[in-house]
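Chain by chain, the residues:
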Amino acid sequence: MRVIIGKDYEEVSRLAADEIEKVVREKPACTLGLATGSSPVGMYRELSRRCREEGLDFSAVRSVNLDEYVGLAPDHEQSYRYFMDDNLFDHINIDKANTYVARGVGDPDANLAEFNAVLEKADVDIQVLGVGPDGHLGFNEPGETLWDGAHMETLDESTVDANARFFASRDEVPRRAFTMGMGNILRAGKLLLIISGRKAEAAKRLLFSDKIDPRCPVTFMRLHRDAVVLLEKSLADEIGYQG
Ligand code: GLP
């Protein structure tokens with residue numbers, strides 16, 4: 001695992017964008033595994049700028065997203081499809097037909113089968129990740145076991161709390177979500193984790209221990225042979241990590 005400390009969120013976002021840019025320049029028809037949440041927003045802003053001002057070309061790029069809330073339609077402002085359009089796809093020259101976010105509405109079994117079929121074919125070159133305060137990746141919540149493939153998860157109460165900030169009230173947070181499984185994540189060619197926000201516990205578990213623990217899913221990143229972890233200096237200082 002390569003751990004990089006940026007001086008602030010802006011620098012972390014630029015460094016994360018560098019990793020994506022490298023992949024896109026080397027392989028213009030690459031597949032990006034993308035994530036939502038506030039952590040990658042700065043990186044998406046920077047990639048949009050590079051596309052607009054520096055000609056970073058996404059025209060042949062494909063993408064597949066980590067997760068989606070069950071029950072939210074694509075035009076719901078808190079759906080992850082809406083988030084991706086709003087934060088990235090509407091600002092770069094990607095063909096939206098080549099972007100995939102699992103369907104939140106309709107028959108859940110059919111939606112899940114479709115998600116798994118897409119993942120089966122997708123050869124993800126780089127997977128962007130954020131981490132939940134409880135260590136979840138995508139919506140792979142802590143537990144005794146983790147899943148290999150895409151599945152439906154019931155959100156932990158702590159995840160509902162953490163994500164309530166995006167909704168008008170806590171009651172509106174969907175309780176279920178589709179997510180890539182840990183196997184899908186680990187099969188990506190490269191992992192790019194951005195740790196931002198109140199993540200001290202999860203960061204400590206990842207950076208200070210070599211235990212792989214399903215009760216802290218982010219620790220599974222240690223099994224990957226090409227994983228990059230980016231965090232801000234303030235968090236590194238808070239947990240006493242010196243690299
Ligand atoms: C959600 C998403 C995760 C994301 C996490 C952290 O639960 N499903 O993929 O990593 O939130 O979000 P944030 O970056 O806003 O802290």
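Our subject in this report is the structure included herewith. On a predicted model such as this, the values are computed, not experimentally measured, just so you know.

### Quick notes on the sheet that holds strand β7 (residues 151-154)
- Strands sit in the order β4-β8-β7 across an open sheet of three strands; the sheet is antiparallel. Of all the strands in the sheet, the pair left with one neighbour each is β4 (67-69) and β7. With strand direction ignored, the average angle separating the axes of adjacent strands in the sheet is 30°.
- Note: β4 against strand β8 (residues 176-179), three bridges, orientation antiparallel. The partner of Y69 across the bridge, within β8, is A177.
- Relative to β8, helix α4 (residues 108-121) is tilted by about 25°, and along the sheet it contacts β7 and β8.

### Let's talk about the packing of aromatic side chains
- A complete count under the given rule lists seven aromatic pairs for this structure.
- On the numbers, 4.8 Å between centres and 45° between planes, the contact of Y69 with Y80 is tilted. With Y69 in strand β4 and Y80 in helix α3 (residues 80-87), this residue pair connects regions lying eleven residues apart in the sequence. For the pair Y69 and Y80, a shared accessibility class is recorded, and that class is buried.
- Clustering of aromatic rings is evident, with ring pairs tying together Y69, Y80, F139 and F167.

### Details of the pattern of salt bridges
- Scanning the entire structure with this criterion turns up 25 salt bridges.
- Among the ionic pairs, K7 bridges to D8, the shortest N-O distance being 4.0 Å.
- You can call K7 exposed: its relative accessible area is 56%.
- The residue R50 makes a salt bridge to E46 at a minimum N-O spacing of 2.8 Å. Here the residue R50 and the residue E46 both occupy positions in helix α2 (residues 41-54), the gap between them amounting to four residues, near one helical turn. The same class applies to R50 as to E46, namely buried.
- Overlapping salt bridges, with partners in common, bring together D18, E21, R25, E46, R49, R50, R52, E53 and E54 in one network.

### Re the pairing of strand β9 (residues 191-195)
- Most of β9 is tucked away: five of the five residues are buried.
- Residues L191, L193 and I195 point to one face of β9 and L192 and I194 to the other, with burial holding for every one of them.
- Relative to β9, strand β6 (residues 126-129) runs parallel, the two sharing three bridges. Across the sheet, the residue bridging to Q127 is L191, located in β9.
- Of the strand pairs in this sheet, β9 and strand β10 (residues 227-232) are connected by five bridges, and their pairing is parallel. Across the sheet, L193 pairs through a bridge with V229, a residue of β10.
- Taking the sense of rotation as the criterion, the β-α-β connection linking β9, helix α7 (residues 200-208) and β10 turns out right-handed.

So, how was this worked out
Residues numbered from 1 in each chain as written. Predicted model: local features only at pLDDT ≥ 70, side-chain atom pairs only at ≥ 80, totals over all residues. Heavy atoms only, no water. Pairing = 2+ DSSP bridges. Helix = DSSP H or I, 4+ residues; strand = E, 2+ residues; numbered from the N terminus. Axes fitted to C-alpha atoms, helices over the stretch in contact; angles between N-to-C directions. Contact = heavy atoms within 4.5 Å. Phe/Tyr/Trp six-rings, centres within 6.5 Å; stacked < 30°, edge-to-face > 60°. Buried < 20%, exposed > 50% of the residue type's maximum accessible area, 1.4 Å probe, protein only. Salt bridge = Lys/Arg side-chain N within 4 Å of Asp/Glu carboxyl O. Right-handed = clockwise from strand over helix to strand, strands pointing away.

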